[in-house]
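# Geometric and topological summary
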Amino acid sequence: MNTSSPASTPATRQQFQQHCKQRLQLGREAIGARYRQGLSGPDLVRQQCQLTDGLLKQIWRDLPAVTGRAVSGRVALVAVGGYGRGELHPHSDIDLLILLDESADQETDLIFIESFIAFLWDIRLEVAHSVRRPSECHEEAGKDISTATSLLESRYLAGNQALFGQIQDWLAQHFPWTPAAFFEAKLQEQREQMLRAVAEAD
């Protein structure tokens, strides 16, 4: 599936927004048509993911040029959750982690991040995001099984790839959960999710 961006980027934010909305709409329509013609469920969620990957990468790369809000080389965009696994169901939230290097210019980078997330909402991409430094990822992963799982399922999208590599190296060498504790915590998480689903159904 071709998710490449055009050679040139529209000159204004409004033009770029319209371009991205159209790219998203046409991509979704094409995937929907293939699904009606027999595309399998697994291929559907994979192609949804590929479409979103391509669009997010283009926006991350080109948004500074149309807004004048630069991003430093000390930030990374990471897919997490089901999206991190390469699975994106229609109408699902797009789970993102924005990693900040410990030495990142907080004011400059947070202005860009705010602009980036606002742009995604403007083109009707429903995102759920968190902004963390590696030390904060380490701390949260030790306390929360959902955060630990999201980091295990994370996938690099754009920005500082070495920063993402730091997280992967830490997970490989210092994962804070033993296999037994991780298994029990995931079972408990699933029980709680099932109880919430039953309560909401009632």
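Below, the discussion takes up the overall build of the protein. Counting its secondary structure elements, the protein contains 8 helices and 4 strands. Scanning the protein from its N terminus toward the C terminus, one meets helices and strands in the order α-α-β-α-β-α-β-α-α-β-α-α. Over its C-alpha trace the protein gives a radius of gyration of 18 Å, about what one expects of a compact globule, namely 17 Å for 202 residues. The principal-axis extent of the C-alpha atoms belonging to the protein is close to 55 × 50 × 30 Å. Residues classed as buried in the protein amount to 42% of the 202 residues present. Long-range contacts, defined as pairs at least 24 residues apart, comprise 73% of the intrachain contacts of the protein with a sequence gap of at least 6. With an accessible surface of roughly 11,000 Å², the protein has 50% of that area assigned to carbon and sulfur atoms.

So, on to the sheet that holds strand β1 (residues 75-79). If you walk across this open sheet you meet the 4 strands as β3-β2-β1-β4, and the pairing is mixed. Each edge of the sheet is formed by a strand with only one pairing partner; in this case those strands are β3 (127-132) and β4 (155-159). For this sheet the average axis-to-axis angle between neighbouring strands, irrespective of direction, equals 25 degrees. Summarising the sheet, strand β2 (residues 94-100) and β3 pair through 6 bridges and their orientation is parallel. Bridge assignment links isoleucine 98 to a residue of β3, and that residue is valine 131.

For isoleucine 94, the location among the structural elements is in strand β2. Separated by 99 residues in the primary sequence, isoleucine 94 and glutamine 193 have C-alpha atoms spaced 20 Å apart. In contact with isoleucine 94, other than residues within four places in its own chain, are Thr52, Leu56, Tyr83, Leu88, Leu125, Glu126, Val127 and Ala128.

Close contact between helix α5 (residues 134-143) and helix α7 (residues 161-174) brings their axes to 10 Å; oriented N to C, the two are set at 30 degrees. Judged on the interaxial angle alone, α7 and α5 are roughly parallel. For α5 against α7, the interelement crossing comes out right-handed. Contacts from Pro134, Cys137, His138 and Ala141 of α5 reach α7 at Leu163, Gln166, Ile167 and Trp170. Taken together, the residues that form the contact of α5 with α7 break down as 6 nonpolar, 2 polar and no charged.

What characterises a pair of aromatic rings is the spacing of the ring centres plus the angle enclosed by the ring planes. Tallying each qualifying case throughout the model produces 5 aromatic pairs. Judged by centre distance (5.1 Å) and plane angle (90 degrees), the rings of tryptophan 60 and phenylalanine 112 are edge-to-face. Placement of the pair is tryptophan 60 in helix α2 (residues 41-67) and phenylalanine 112 in helix α4 (residues 106-122), with a sequence separation of 52 residues. Neither residue differs from the other here; tryptophan 60 and phenylalanine 112 are each classed as buried. An angle of 25 degrees between the planes, with centres 6.0 Å apart, marks the rings of phenylalanine 112 and phenylalanine 116 as stacked. Placement of both phenylalanine 112 and phenylalanine 116 in helix α4 is noted, with a separation of 4 residues, approximately one turn of the helix. No difference in accessibility class separates phenylalanine 112 from phenylalanine 116, as the two residues are buried. One aromatic cluster is present, formed by Trp60, Phe112 and Phe116 through successive ring pairs. A cation sits over an aromatic face here: arginine 155 above tyrosine 83, 5.2 Å from the ring centre.

About the thresholds
- Residues numbered from 1 in each chain as written.
- Predicted model: local features only at pLDDT ≥ 70, side-chain atom pairs only at ≥ 80, totals over all residues.
- Heavy atoms only, no water.
- Helix = DSSP H or I, 4+ residues; strand = E, 2+ residues; numbered from the N terminus.
- Rg over C-alpha atoms; globule rule 2.2 N^0.38 Å.
- Buried < 20%, exposed > 50% of the residue type's maximum accessible area, 1.4 Å probe, protein only.
- Contact = heavy atoms within 4.5 Å.
- Areas by Shrake-Rupley, 256 points an atom, 1.4 Å probe, with all protein chains shown as cover.
- Pairing = 2+ DSSP bridges.
- Axes fitted to C-alpha atoms, helices over the stretch in contact; angles between N-to-C directions.
- Parallel < 35°, antiparallel > 145°, perpendicular 65-115°, else oblique.
- Left-handed = near helix turned anticlockwise from the far one by under 90°.
- Nonpolar A, V, L, I, M, F, W, Y, C, P; charged D, E, K, R; others polar.
- Phe/Tyr/Trp six-rings, centres within 6.5 Å; stacked < 30°, edge-to-face > 60°.
- Lys NZ or Arg CZ within 6 Å of the ring centre and 35° of its normal.

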